[in-house]
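# An overview of the molecular structure
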Amino acid sequence: MRNSSATVFCAFLAATSVHALDDRHLNVVPRTDAETKRIQGVTAAPTDFSKPQKFESRPGGATTVPVRKDALAFKQPSANLSKDDGLTFRLGEAMFDKLWVSAPSSTLASDGLGPLYNARNCLGCHQKSGRGHAPDGPADDALSLAIKLAIPGQQADQIYEIEDFLATRPEPTYGSQIQDFSLPGHPAEARIEVSFEEFDVELSGGETATLRRPSYALQDLGYGPLHPDVMLSPRVAPQMIGLGLLDAIPAGDILANADPDDANGDGISGRANITWSVEYQRPMLGRFGLKAGAPTLRQQSAAAFAADIGISTPLFEAGHGDCTPAQVDCINSPHGDGDVRVFEVDEIGLDLVTFYSANLAVPARRDVDDPEVLRGKEVFHTTGCASCHTPSFVTHRLEDQPAQSFQLIWPYTDMLLHDMGPELADNRPEGRATGHEWRTPPLWGIGLTGQVSGHTQFLHDGRARNILEAILWHGGEAQSARDTVVAMPPADRAALIRFIESL
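This write-up is about the structure you can find in this document. What you see is a predicted model, and the numbers here were worked out from it, not measured in a lab.

### Section: the layout of surface pockets
- The volume enclosed by the second largest pocket comes to roughly 690 Å³.
- For the second largest pocket, the lining is made up of 31 residues, of which Thr 43, Asn 257, Thr 390, Ser 392 and Phe 393 are closest to its centre.
- The dominant element in the lining of the second largest pocket, judged by the number of residues it contributes, is helix H2 (residues 33-42), at three residues.
- Residues of the lining of the second largest pocket, tallied by class, amount to twelve nonpolar, 14 polar and five charged.

### Focus: the pairing of strand E3 (residues 145-152)
- The buried count for E3 comes to six of eight residues, which makes it a mostly enclosed element.
- Bridge count between E3 and strand E8 (residues 231-236): six bridges; the pairing is antiparallel. In the strand pairing of E8, Ile 147 is matched with Pro 234.
- Sheet topology places E3 next to strand E4 (residues 168-169); two bridges connect them, and they run antiparallel. Within the sheet, the bridge partner assigned to Ile 151 lies in E4 and is Arg 169.

### Details of the packing of aromatic side chains
- Applying the stated criterion across every chain, the model contains nine aromatic pairs.
- Between Tyr 117 and Phe 181, the ring centres sit 6.0 Å apart and the planes meet at 15 degrees, which makes this aromatic pair stacked. Here Tyr 117 is found in strand E2 (residues 116-117), whereas its partner Phe 181 is found in strand E5 (residues 181-182), with 64 residues between them in sequence.
- Under the relative-accessibility criterion, Phe 181 is labelled partly exposed at 36%.
- For the ring pair Phe 380 and Tyr 412, a centre distance of 5.7 Å and an interplane angle of 80 degrees mean the geometry is edge-to-face. Of this pair, Phe 380 sits in helix H10 (residues 371-383) while Tyr 412 sits in the loop between strand E13 (408-409) and strand E14 (417-419), and the two are 32 residues apart along the sequence. Across the pair, Tyr 412 and Phe 380 agree in class, each one buried.
- Ring pairs connect the aromatic residues Phe 89, Phe 96 and Tyr 356, which therefore count as one cluster.
- Note that Lys 98 overlies the ring of Trp 100, its terminal NZ or CZ placed 4.2 Å from the centroid.

### A word on the sheet that holds E3
- Spatially, the three strands line up as an open sheet ordered E4-E3-E8, and their pairing is antiparallel. At either end of the open sheet lies a strand with only one pairing partner, and these are E4 and E8.

### Focus on the packing of helix H7 (residues 297-309) against helix H9 (residues 347-358)
- The geometry of H7 relative to H9 is characterised by a closest axis approach of 9 Å and an angle of 115 degrees between their N-to-C directions. Classed by the angle they form, the pair H7 and H9 counts as roughly perpendicular. Seen from above, H7 lies across H9 with right-handed handedness. Residues Leu 297, Arg 298, Ser 301, Ala 302 and Phe 305 of H7 lie in contact with H9, whose contacting residues are Glu 347, Leu 350, Asp 351, Val 353, Thr 354, Ser 357 and Ala 358.
- Taken together, the residues of the contact of H7 with H9 break down into six nonpolar, three polar and three charged.

### What to know about H7
- Compared with an ideal rise of 1.5 Å per residue, which puts 13 residues at 18 Å, H7 spans 17 Å between its outermost C-alpha atoms and is within 8% of the ideal.
- A large share of H7 lies buried, amounting to ten of its 13 residues.
- Listed in full, the buried residues belonging to H7 are Leu 297, Arg 298, Gln 299, Ser 301, Ala 302, Phe 305, Ala 306, Ala 307, Asp 308 and Ile 309.
- In this structure, the buried residues of H7 make contact with E2, helix H4 (122-125), helix H5 (243-247), strand E9 (274-277) and H9.
- Two residues or fewer past H7, Gly 310 is found with a positive phi of approximately 75 degrees.

### Some thoughts on the pairing of E9
- Judged from the four bridges that link them, E9 and strand E10 (residues 282-285) form a sheet pairing that is antiparallel. Residue pairing in the sheet places Ser 277 in a bridge with Arg 282 of E10.
- Between the end of E9 and the start of E10, which pair antiparallel, lie four residues, with Gln 281 showing a positive phi angle near 55 degrees.

### Structural notes on the nonpolar core
- Grouped together as the largest cluster of nonpolar side chains are 53 residues, with contacts concentrated most on Trp 100, Leu 246, Leu 285, Phe 305, Ile 309, Val 345 and Trp 444.
- When residues of this core are traced back to their parent elements, those giving at least two are helix H3 (83-97), H5, helix H6 (251-255), E9, H7 and H9.
- Sort the elements by how many residues they give to this core and H9 lands first, with five residues.
- With near-sequence residues (within four places) excluded, Leu 246 lies in contact with Arg 287, Phe 288, Pro 411, Thr 413, Met 415, Pro 442 and Trp 444.
- Formed by 38 residues, the second largest nonpolar core is a distinct cluster that contains Phe 380, Phe 406, Ala 464 and Leu 468.

### Observations regarding the state of the cysteines
- Applying the stated criterion across every chain, the model contains one disulfide.
- Just so you know, Cys 122 is unpaired, no disulfide at all, and the nearest cysteine sulfur is the one on Cys 125, 8.6 Å from it.
- We classify Cys 122 as buried; its relative accessible area is 13%.
- Note on Cys 388: no disulfide assigned, nearest cysteine sulfur contributed by Cys 385 at a separation of 8.9 Å.
- Here Cys 388 falls in the buried class, since its relative accessible area comes to 12%.

Rules of the game
Residues numbered from 1 in each chain as written. Predicted model: local features only at pLDDT ≥ 70, side-chain atom pairs only at ≥ 80, totals over all residues. Heavy atoms only, no water. 1 Å grid on protein atoms, 1.4 Å probe; cavity = no way out; pocket = protein on both sides within 12 Å on 5 of 7 lines; lining within 4 Å. Points joined across faces, edges and corners; volume = space filled by probe spheres on them. Helix = DSSP H or I, 4+ residues; strand = E, 2+ residues; numbered from the N terminus. Nonpolar A, V, L, I, M, F, W, Y, C, P; charged D, E, K, R; others polar. Buried < 20%, exposed > 50% of the residue type's maximum accessible area, 1.4 Å probe, protein only. Pairing = 2+ DSSP bridges. Phe/Tyr/Trp six-rings, centres within 6.5 Å; stacked < 30°, edge-to-face > 60°. Lys NZ or Arg CZ within 6 Å of the ring centre and 35° of its normal. Axes fitted to C-alpha atoms, helices over the stretch in contact; angles between N-to-C directions. Parallel < 35°, antiparallel > 145°, perpendicular 65-115°, else oblique. Left-handed = near helix turned anticlockwise from the far one by under 90°. Contact = heavy atoms within 4.5 Å. Expected span 1.5 Å × (residues − 1). Core = buried A, V, L, I, M, F, W, Y, C linked by side-chain atoms within 4.5 Å. Disulfide = S-S within 2.5 Å.

Quick look at the structure:
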């Protein structure tokens, strides 16, 4: 428990009001009334579907890059970076791609791996900055699939500054995540196995889709049995384009779309995840991660270094990463911290990786004026998909981030949590997110997934093998939209998918 007095409790409870959350991680130039009115106009829902909206072919605003024909379409820097910032981007890319080695090593700038880890570099999970994949069977690797762990929290785990916070704590032996690789002399925590059960879904027009329901098993546990109350959540690494633009969306604009009590009666009740900022030591709006569990891109990057690679940073200082007190050999092993860097990734290194992640550009839209795409866009809106996948925002004016400053962007996400029903539930809370809730994922770039990643697996665990399957898994708040897609004329369903593939 961070604060025990009733006075502090009440004061911080008030601070979690949607009106109290700010963007203190950004150097913001406040909007004028004229700008606010103008933004309301350019982000309003379309009424004419006979032609594209102005600027929608550039989903990342001035950061948008032309579409490459190869697998590096998601590895391009923001188009509007200065020459100096372009160099910073390449330095960050080198940090992102760098393979880490065990300590002690003669290459001091690269040692500190593990001892328990999921990958040796960021690129290992976010290959070509695209989506990871779920294993197709026992012979396939689980390199870009993480299994998050937690057990129910106790009073000491509660963050009273955040209203409706759902307290959890790491699994006592295995921590917050299964690490399925290890250095010599250390058992890996487990081997991840995935199996699938297939079943058919009947669609209108005599069409049929086949879905696969995954089951997960942790084999060869290296440190004894799991806690009996453990909660497991499979997470496939998401694509990384446009993250700096999502970071720059005003919190107020995201919160304006929240409707936790479904006051408008449309069946959609998006909620904000409010999470603890390690850097600012206060509640902030959650933005990143599949349940919006991280408030800033910098914290998300540092958390990935710790859990995935076992690397310390100024935000997460443990040189042994996610190792627990039950894993004594891991904690007592040599680590790469304690030299001139202090941490295995110092402030400069963390800033470089954050800058790189913030400036992975969104490629331009394709076929925006194609008649079938335009028809699919109309179906997308009339079906209710845009109720969660909000098409556009305008980012903050920013004093020191010219690339992301005041950009009209088209991410197709509201950045809010939604109950997606029992089939997609992982039953593991995170912050205020329940075990049934997920953050609406951005759709920009989704049509390039096959080109970049070599597969078309979607949803948090990669169970969907194409866009139609992803839609058919929607439940909860999206059940009505999903059922409409099942029942609509096949031509409209094909147009809807064609539109989504154009994003």
